[in-house]
Amino acid sequence: PKFNFSNTFSIPKVDSMQFTGQTTLKVGKFDMAYWEKQGYNKKMGKKLAEDAVAHCKFKADAGCVGYTRRTINRLYGTNFTNAGKAYLFGKTILSRPELAGKFKKINKADIAKYGVPDGAIVLYNPGSRGLTKGAAARCGHGGIAYNNVTYSDVKFGHIETCSEIWIPV
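Residues numbered from 1 in each chain as written. Predicted model: local features only at pLDDT ≥ 70, side-chain atom pairs only at ≥ 80, totals over all residues. Heavy atoms only, no water.

> Could you clarify how one ought to interpret the nonpolar core in this entry?
Ile-72, Phe-89, Leu-94, Leu-99, Phe-103 and Ile-121 are the most contacted members of the largest nonpolar core, which totals 25 residues. Ranked by residue count, the leading element in this core is helix H2 (residues 42–55), at five residues. With residues near it in sequence (within four places) discarded, Phe-103 still touches Leu-48, Ile-72, Tyr-76, Leu-94, Ile-121, Trp-166, Ile-167, Pro-168 and Val-169. Leu-131, Phe-156, Cys-162 and Ile-165 belong to the second largest nonpolar core, which has 21 residues in total. (Core = buried A, V, L, I, M, F, W, Y, C linked by side-chain atoms within 4.5 Å. Buried < 20%, exposed > 50% of the residue type's maximum accessible area, 1.4 Å probe, protein only. Helix = DSSP H or I, 4+ residues; strand = E, 2+ residues; numbered from the N terminus. Contact = heavy atoms within 4.5 Å.)

Okay, here's the thing in structure tokens:
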């Protein structure tokens, strides 16, 4: 499948948003009806996206899934302390018994037709497009989707090159 995500994003700056428990982000562009049929939890997706955007430092610090893990800890009441390598986050964190029934791994091909729902956990293999240097070349990358971009320590595009996507259910 071909993707064209270039210049289609309108991401508000973090310092211009209010995060006081209110819903402030506009829903991203994806097929809500399709994802809800897959079990997507719209309310939790929005909360995950808001938290990820609010805590993004916009500076790579090799802690991408640490940011993602802390968002999960805040919203699900878990206390995970180490996520390990980013590309393994689905196995090391999202598949843990504490999160049973909270996330669902989806077929990556579905994003070509239906977009990526806000709050989805997006994981990348080491050496993927834009991830060829430093820790990303060894560990990959991970973040939480909002408006077809992922947020963790940095804002990162290239969702079409991801290795896994997990939706909140």
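> How should the sheet that holds strand S6 (residues 164–168) be read in this particular structure?
Pairing between the strands of a sheet comes from backbone hydrogen bonds, and it takes one of two forms, parallel or antiparallel. The six strands lie next to each other as S1-S6-S2-S3-S4-S5, forming an open sheet whose pairing is antiparallel. Here the strands that pair on one side only, and so sit at the sheet edges, are strand S1 (103–105) and strand S5 (155–156). Set on the sheet, H2 makes contact with S1, strand S3 (141–146), strand S4 (149–151) and S6; between it and S3 the angle comes to about 120 degrees. Sheet contacts for helix H3 (residues 64–76): S1, strand S2 (121–124), S3 and S6; angle to S3, the most-contacted strand, approximately 50 degrees. (Pairing = 2+ DSSP bridges. Axes fitted to C-alpha atoms, helices over the stretch in contact; angles between N-to-C directions.)

> What is the right way to read the packing of aromatic side chains from this model?
For any pair of aromatic rings, the description consists of the separation of the ring centres together with the inter-plane angle of the planes. A complete count under the given rule lists six aromatic pairs for this structure. Taking the centre distance of 5.0 Å and the plane angle of 80 degrees together, the rings of Tyr-34 and Trp-35 count as edge-to-face. Of the two residues, Tyr-34 and Trp-35, both sit in the buried class. Taking the centre distance of 6.5 Å and the plane angle of 45 degrees together, the rings of Tyr-146 and Tyr-151 count as tilted. (Phe/Tyr/Trp six-rings, centres within 6.5 Å; stacked < 30°, edge-to-face > 60°.)

> For this particular structure, what's the right way to read H3?
Taking 1.5 Å of rise per residue, 13 residues should cover 18 Å, and H3 covers 18 Å from first to last C-alpha, within 8% of that figure. With respect to burial, H3 is a largely interior element, ten of its 13 residues being buried. All of the buried residues in H3 are Cys-64, Val-65, Gly-66, Tyr-67, Thr-68, Arg-69, Thr-71, Ile-72, Asn-73 and Tyr-76. Taken together, the buried residues of H3 touch H2, helix H4 (89–94), S1, S2, S3 and S6. (Expected span 1.5 Å × (residues − 1).)

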